[in-house]
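Observations on the three-dimensional arrangement
Here are the chains, one letter per residue:
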Amino acid sequence: MDILNLCLNTRNVRFTNEQDKEKYHTMICDILAENYPDVEVKKDNYFIDFMREAPEPTGEEPDDADLSAPKIYEHMENFDVLTEKLQMYQENYNETIRGAAMDLVFFEDCMTHLIKVSRIIRSDIGSALLVGVGGSGKQSVTRMASFIAGYTVFQITLSRSYNVSNLLEDLKHLYREAGLKGQGVTFIFTDNEIKDEAFLEYINNILSSGEVSNLFAKDEIDEILNELIGVMKKELPRHPPTVENLYEYFINRVRKNLHIVLCFSPVGEKFRSRALKFPGLISGCTMDWFRPWPRDALIAVSRYFLSSYEMECTTQCKDMIIESMGTYQDIVSKSCIDYFEMFRRQTHVTPKSYLSFLNGYKGVYKEKYDALNELATRMNSGLQKLLEATESVGQLSVELVQKDKDLAIASKEADVVLEDVTVKATSAEQVKAKVQVVKDRAQALVDAINADKAVAQDKLKAAEPALKAAEAALLTIKPSDIATVRKLAKPPHLIQRIMDCVGLLFQKKLNTVTQDPDKTQFIKPSWAESLKLMAQSNFISSLQQFPKDTINEETTELLEGYLNAEDFNFESAKKVCSDVAGLMAWTNAMYEYYFINKEVLPLKANLFIQENKLEGAMAELAVAQETLDAKQAELDAVQKIYDAAMSKKQELFDDAAMCERRMQAATALIDGLSGEKVRWTEESLQFKATIKQLVGDVLLSVGFLCYSGPFNQLYRTLLFDKWKADLRKNNIPFKEDIDVVSFLTTQAQIGEWNLQGLPNDELSIQNGIICTSASRYPLLIDPQGQGKNWINRKEASNELVVTCLSHKHFRTHLEDALSLGQPLLIEDVGEELDPALDNVLEKNFIKSGSSLKVKVGDKECDVMSGFRMYITTKLPNPAYTPEISARTSIIDFTVTMKGLEEQLLGRVILTEKAELESERLQMLEDVTLNKRKMKELEDNLLYKLTSTQGSLVDDPTLIEVLQITKQTASEVNEKLMIAAETELKINSAREEFRPVASRGSILYFLITEMSMVNVMYQTSLVQFLDLFDLSMERSEKSPVTAKRLTAIIEHLTFAVFEYTCRGLYEDHKFLFTLLLTLKIDLSREKVKHQEFQTLIKGGAALDLNAVAPKPAPWILDITWLNVISLSDIHQFSDLPMKVTNDEKAYKRWFDTDQPEEEEMPDGYNQSLDTFRKLLMIRAWCPDRIIPQARRYIASSLGQKYAEAVILNLEKTWEESSPKVPLVCLLSMGSDPTASIENLCKVHRLECRSISMGQGQEVHARRLLQSFMTGGGWVLLQNCHLALGFLDELLETVTTAEEPNENFRLWMTTEIHPKFPINFLQSSIKFTNEPPQGLKAGLKRTYSTVTKEQLEISTAPQWKPMLYAVAFLHSVVQ
């Protein structure tokens, strides 16, 4: 069995198809059966070495004990046991490896690949070549096998500057790990990482011999060998540690421990060419082909992801869905092949696409289910609330009748109580009047007392300042001051007098009045009495507490004699003795107070009398008040009874009013929501069916999102029909008339996209949905730039970052967009993407706390929530690898004929009827806004209905919301109706101009189809639109719409004809003109599609043996088949019979030199127009098609289209600008250099030319900078030799801020398939070949003759001689 296993694992894997594998297996089994007849041969026979468990540590093991699981190569029992073991390993892997969690589904095919890879890398010198499309699981299987083996995994990290030197550094690291440390290493190397084919040279050497020349410097290898001496002695003790032995040991150790796993894709020619160039890739590796997952694998994967996922369906239906998912992948895989055969467009689906499909299904199903469930809950809750409101109306009407009866009884009771209250109130009022008289009297006394008090207070207030001053002065006198005065033997006379005044105030006995001998003008002071007064211990306090009211008039008369003295003032007292100066101020104050108090005393006496009267009045009032209080208590008791009765009455009244309001509210609510109730009821009934059908609807929609992007409209419809047929077959419920557009988006969203520049045709809207809803980042095949323009406008408000792969700051732009959460647009990519984008495209985000990180090259960047990425390419038919197809959502954004027609119609209307187009755009904006408003109103109403607690009729705000909603909805509906009517009028007016748009669309698509004839014939939509606008501007104006349309169409057609022919080689100009005529006649229905097919194919598809025999031997077989094919057209239905009846007439016509000039037999000359005659010529005389085709062109479009277009270099220059290069497409002998230089001399400008080639870019840059500033023409010749410089050249020219007006860039190039499309679409192209035909040659020669040259001589021989030279020149050319 082991022999069989080895044979199958080492040889069988090299076969590329199942038939060869089966044949090899049969041969091996036959040989085994012949030599070992007793051995039973099984097909699925595998040996593995990782089934044993690691030994349990006991703690007694030595330090160097190996506790890893024993690697015993043994027969595998069955896949179920292996699955459990691998799942355990996967759990350990996810716990061990940070940021690289795997979720592998171990179906049988996956496990067999893992067994093979594990066996390969566990072998000494074991390397693997895994071949399969991207996303097949090659790297995942390798990582898991390496983890099981205990190896470390290494993979190079690509950056923009990664080169051979970096690879060698990585190889040094690997050699040290494997050879020096003895660590098992798996080196995963993918074809995406081959930046330079030289990388494979080193890989080839490692696989072949294990050595890489000059990998290590001398000192490095010496260091490594010295470290290996001890290791080698331990392992090979008998080998002397010489340099040669050590190096051999090192290399052998590297080969043993370093396992290279090459993960290559077989798609394209690269794999084949690399296998031929580097044989070590095949001979040094064990191959394993990763084929498309079989159906059982697809079903196993979908079952793994969906088995535990909750879905609203039966178990049987879920099983059918799981199987249908595998069928979807198979259908798309086959469709990719058919699509390529029909349209020659390469598309791929990979297992990774399938995984995206499964994840997308889960995401969309949850989103739609939650939305439907929430809506259903809201609607059912709203309907329940409405039902409750309906029931409330009946209950409320009954309650209202009863409440009216209760209100009548309460009113009667209140009236009885009111009578009693009235009697008691009258009695109380009488008592109250008496009390009021007493109260008024008392109040009059109080008022009089208060008035007298106020007067007394005012007068006393006048004396307050003096009293306060006296008190302040007294405070300055201390007992020590009094003691000092007393000690004076002879105090100053003023002091003695002051003390006499104090004695008078205290009414002390003074000496008899005698004249003072010392001061005769004064009486003699009574100082002895004063000393007695001052000797009192309470003298100062008695001053402060002096009873001012006891001063009488006698005292004041006695004081006057003292006070009137001139020196009796404060200043004099202070000078004499400052210690007692305050006594003088006090005596003055007391004197003044007396006279004020003299007026106040009568008032005080009167107050006393009045207050006594007041006491009597108050006593009388108290008695009266007591009587009044008793009466008031009686009244209050009765009033309380009355208030209770009235309260009950009011309560009943309010209750009845509320009941009536609730009934009115309920009625208003029911009436207001009657329309919504019907609709919600219908929708509620549909919700159950809708949720049941959701499993199928989501399956179709997610299939559309994940798979249909690369296909055109026809194939998208075919895929959709096949998927629906599969759902019917498996009895999976879905909506038969499902529309993915309405399922995945809303009309309001579509309207917003249209306003942002997305065309309104179905394909473009589908593309917009895929672009915004697909789980992978979109890659737009956008040759016309429509998708890019839409994205620019759509993301403008989000600070869109625009870059390209060739931009010098591309990495910076990418990192900034990731870390700042900005959308990123990578424009104009080729067929390969920067490897730095791999982790971003695959969304290999690492969760770090609450944030996400992603590895971009060798740097980790934060990923913010607003980040989105869009990629666009201008390649019309790019051949992307399966890896790119798996990582991105490729969308064919190529403009459709209908979409372009609508755009052109808008441009025509904008020019011819600007107000109409403005009105239409405003209408679209209003409709979008109104539809969104309607949705918001309904959501708000549903929310209000469901969020209201209790009964709806108790919430007045709900009625208010309902009224606002109904009013707004009515206004919005009215606006929508007006908008619909306006749209009809606008569309009707727009339709008049549709012929112009239709012609423009036909012309543009014909121009783009010419790129299939020659890759250099590239014209951008922007260039065409400029030409379109110019034609409308320059065409003849007319107030009559029909004449104006004819003028625009004729001018546009000829302008496009001239513009395009100028850039075509002579061999292709007639082809273009004929196709132009045919397409126009097809659109005008002058030519039928069947006739067009007959012209193109003839009878090539017919079998000569299956048709009537030809009537004469001179008729060629192919001619007869052409005739038979032509007879399918009704004008030629009897042609075979006519030929049979009169073959001689046809032979005479056939034998003429110019049959198209002769009369056709059987009256065909008169009955056929020029195109049908062309069909006749095509059937009989294919060699004469061109002359007849010229006749057809002239008759259909006009003679000017049948004549050659002569290059006018000056006119071409006039059309150009400093930012638009002029490119000449070279052919043999058609160098335009001389003509360009002559034209430059005519305009007196400088022209400098550079022949491009290796190293000429430096000179070209210098010349460009000089001439862009100073003016002049730069001519770059043979630019096909400097393709790498052209992107930089275009950016330099087109992004220059203010180039000199006289600057022009002229270029010449040969045809090259890799010439940048963007450059060709941004330039004016022309050819310089000699025209075909003598007449055209003469016209071209004459076009170079100026008026001055024609009139340079008056000799009669001059012009004939000029004609002869021109004739000769045309013949020679």
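Only a predicted model underlies this, so the values are computations on that prediction, with no experimental measurement involved. (Residues numbered from 1 in each chain as written. Predicted model: local features only at pLDDT ≥ 70, side-chain atom pairs only at ≥ 80, totals over all residues. Heavy atoms only, no water.)

1. Focus: the overall build of the protein
- Counting its secondary structure elements, the protein contains 53 helices and 20 strands.
- Split into buried and exposed, the 1373 residues of the protein put 46% on the buried side.
- Counting contacts in the protein only where the partners sit at least 6 residues apart, residues at least 24 apart contribute 78% of the total. (Helix = DSSP H or I, 4+ residues; strand = E, 2+ residues; numbered from the N terminus. Buried < 20%, exposed > 50% of the residue type's maximum accessible area, 1.4 Å probe, protein only. Contact = heavy atoms within 4.5 Å.)

2. Overview of the sheet that holds strand β5 (residues 185–190)
- What the five strands build is an open sheet, ordered β4-β5-β6-β3-β7; its pairing is parallel. In this open sheet, the two strands that pair with only one neighbour each are β4 (152–154) and β7 (286–290). Recorded for the sheet is a direction-independent mean angle of 20° between the axes of neighbouring strands.
- As paired elements, strand β3 (residues 128–132) and β7 share five bridges and run parallel to each other. Bridge pairing in β7 links G132 to F290.
- In the packing of helix α9 (residues 243–257) onto the sheet, contacts are made with β5 and β6 (258–264), and the angle to β6 comes to roughly 45°. (Pairing = 2+ DSSP bridges. Axes fitted to C-alpha atoms, helices over the stretch in contact; angles between N-to-C directions.)

3. Here we look at the packing of helix α3 (residues 79–96) against helix α4 (residues 108–122)
- α4 packs onto α3 with a crossing angle of 70° between their chain directions and a minimal axis gap of 11 Å. It follows from the interaxial angle that α3 and α4 lie roughly perpendicular. On α4, the residues that touch F79, L82, T83 and L86 of α3 are E108, M111, T112, L114 and I115.
- Considered class by class, the residues forming the contact of α3 with α4 number six nonpolar, two polar and one charged. (Parallel < 35°, antiparallel > 145°, perpendicular 65-115°, else oblique. Nonpolar A, V, L, I, M, F, W, Y, C, P; charged D, E, K, R; others polar.)

4. What to know about the state of the cysteines
- On inspection of all chains with the given rule, the structure shows zero disulfides.
- In this model C1240 remains outside any disulfide bridge; the closest cysteine sulfur is found in C1247, 4.7 Å from its own.
- You can call C1240 buried: its relative accessible area is 1%. (Disulfide = S-S within 2.5 Å.)

5. Here's the deal with the sheet that holds strand β11 (residues 846–848)
- Spatial strand order, β11-β12-β13: three strands in an open sheet with antiparallel pairing. Two strands bound the open sheet, and with one partner strand each, they are β11 and β13 (859–863). Strand-to-strand twist across the sheet, computed as the mean angle between neighbouring axes with direction ignored, equals 40°.
- Where strand β12 (residues 851–856) and β13 come together, five bridges link them in antiparallel fashion. Each residue of the ladder has a partner; that of V856, found in β13, is K859.

6. Things to note about the pattern of salt bridges
- Tallied over the full model, the rule gives 40 salt bridges.
- A salt bridge links E220 to R176, with the shortest nitrogen-to-oxygen separation between them at 3.9 Å. With E220 in helix α8 (residues 218–235) and R176 in helix α6 (residues 164–180), the pair connects residues that are 44 residues apart, well separated along the chain.
- One network of salt bridges, in which partners are shared, links E169, K172, R176 and E220. (Salt bridge = Lys/Arg side-chain N within 4 Å of Asp/Glu carboxyl O.)

7. Some points on the confidence of the model for the protein
- Overall, the prediction assigns the protein a mean pLDDT of 81, with 80% of residues at 70 or greater.
- Ranking the helices and strands of the protein by mean pLDDT puts strand β10 (residues 823–826) first, with 94, and helix α1 (residues 2–10) last, with 58. (pLDDT = per-residue confidence, 0-100.)

8. A closer look at unusual backbone geometry
- Here N214, not a glycine, exhibits a phi torsion of approximately 55°, which is positive.
- With a relative accessible area of 76%, N214 lands in the exposed category.
- A positive phi angle is found at E1085, which is not glycine, with a value near 65°.
- Within the element layout of this structure, E1085 appears in the loop between α37 (1066–1083) and α38 (1089–1097).

9. Observations concerning the packing of aromatic side chains
- Evaluated as defined, the whole model comprises 46 aromatic pairs.
- Both rings, one in Y304 and one in F305, keep their centres 5.3 Å apart while their planes meet at 85°; by these two values the pair is edge-to-face.
- Overall, the relative accessible area of 34% leaves Y304 in the partly exposed class.
- Given the relative accessible area of 13%, F305 is considered buried.
- Where W753 meets W790, the ring centres are 5.8 Å apart and the plane angle is 80°; that geometry is what we call edge-to-face. Separated by 37 residues along the polypeptide, W753 in helix α25 (residues 747–755) and W790 in helix α27 (residues 786–794) bring together distant segments of the chain. As far as the burial class goes, W753 and W790 line up, both buried. (Phe/Tyr/Trp six-rings, centres within 6.5 Å; stacked < 30°, edge-to-face > 60°.)

10. Structural notes on the environment of M1160
- Within the secondary structure, M1160 is located in the loop between α41 (1143–1151) and α42 (1164–1167).
- Sequence-wise, M1160 and F1150 are ten residues apart; in three dimensions their C-alpha atoms are separated by 9.2 Å.
- Contact partners of M1160, with chain neighbours within four places excluded, come to W1149, N1165, L1168, K1173, M1176 and I1177.

11. Let's talk about a nonpolar patch on the surface
- A surface patch of nonpolar side chains, about 350 Å² in accessible area, is lined by M342, F343, L714 and L718.
- Within the residue set of the nonpolar patch, elements represented by two or more residues are α13 (315–343) and α23 (713–729).
- Mapped onto the elements of the fold, L718 is located in helix α23. (Patch = residues over 30% accessible without salt bridge, like charges linked within 9 Å, V, L, I, M, F, W, Y side chains within 5 Å. Areas by Shrake-Rupley, 256 points an atom, 1.4 Å probe, with all protein chains shown as cover.)

12. Observations regarding the environment of Q1277
- Within the secondary structure, Q1277 sits in strand β18 (residues 1273–1277).
- Q1277 sits in the buried class, given a relative accessible area of 17%.
- C-alpha separation for the pair Q1277 and E1310, spaced 33 residues apart in sequence, amounts to 9.7 Å.
- Once you skip the residues sitting within four places of it in the chain, Q1277 turns out to touch T1233, S1249, I1250, S1251, M1252 and T1308.

13. Description of α9
- Over its 15 residues, α9 runs 21 Å from end to end, which matches the ideal 21 Å to within 8%, given 1.5 Å per residue.
- Among the residues of α9, L246, Y249, F250, I251, R253, V254 and N257 are the ones counted as buried.
- On the buried face of α9, the contacting elements are α6, β5, α8 and β6. (Expected span 1.5 Å × (residues − 1).)

14. Topic: the side chain of Q822
- With respect to the element layout, Q822 can be found in the loop between α28 (810–820) and β10.
- With residues up to four places along the chain from it excluded, the contact list for Q822 reads N798, E799, V801, D816, A817, G866, F867 and R868.

15. Here's the deal with the pairing of β12
- Two elements, β11 and β12, share three bridges in a ladder whose sense is antiparallel. Within β12, the residue paired with S848 across the bridge is S851.
- With antiparallel pairing between neighbouring strands as the criterion, β11 and β12 make up a hairpin whose turn holds two residues, including G849 at a positive phi of roughly 70°.
- The hairpin turn running from β12 into β13, its antiparallel successor, is two residues long, and G857 in that turn takes a positive phi close to 65°.

16. Describing a negative patch on the surface
- On the surface, E553, E554, E557 and E560 cluster together into a patch of negative charge.
- Looking at the element boundaries, E553 is found in helix α19 (residues 553–563). (Lys, Arg positive; Asp, Glu negative; His and termini not counted. Charge placed at Lys NZ, Arg CZ, Asp CG, Glu CD.)

17. Regarding the side chain of D697
- Positionally, D697 belongs in helix α22 (residues 674–707).
- Of the buried charged residues, D697 lacks a salt bridge, with K735 as the closest side chain of opposite charge at 5.0 Å.
- What D697 contacts, discounting residues up to four positions off in sequence, is P733, F734, K735, I738 and F743.

18. Some words on the packing of α4 against helix α5 (residues 138–149)
- Across the interface, α4 lies against α5 with an axial gap of 9 Å and an inter-helix angle of 50°. Between α4 and α5, the angle falls in the class oblique. By crossing handedness, the relation of α4 to α5 is classed as right-handed. Contacts from C110, H113, L114, V117, S118, I121 and R122 of α4 reach α5 at V141, T142, M144, A145, S146, I148 and A149.
- Tallied by class, the residues present in the contact of α4 with α5 amount to nine nonpolar, four polar and one charged. (Left-handed = near helix turned anticlockwise from the far one by under 90°.)

19. Section: the pairing of strand β20 (residues 1324–1327)
- Side-chain alternation along β20 places I1324 and F1326 on one buried face and K1325 and T1327 on a second face that is also buried.
- Relative to β20, strand β16 (residues 1222–1225) runs parallel, the two being bridged by four bridges. Bridge pairing in β20 links V1223 to K1325.

20. What about α8?
- An ideal rise of 1.5 Å per residue puts 26 Å on 18 residues; α8 measures up with 25 Å between its terminal C-alpha atoms.
- In α8, a bend of some 40° at I229 exceeds every other bend along the element.
- Residues of α8 that are buried: I221, I224, L225, L228 and M232.
- Along its buried surface, α8 packs onto α6 and α9. (Bend = angle between axes of the 7 residues up to and from the residue.)

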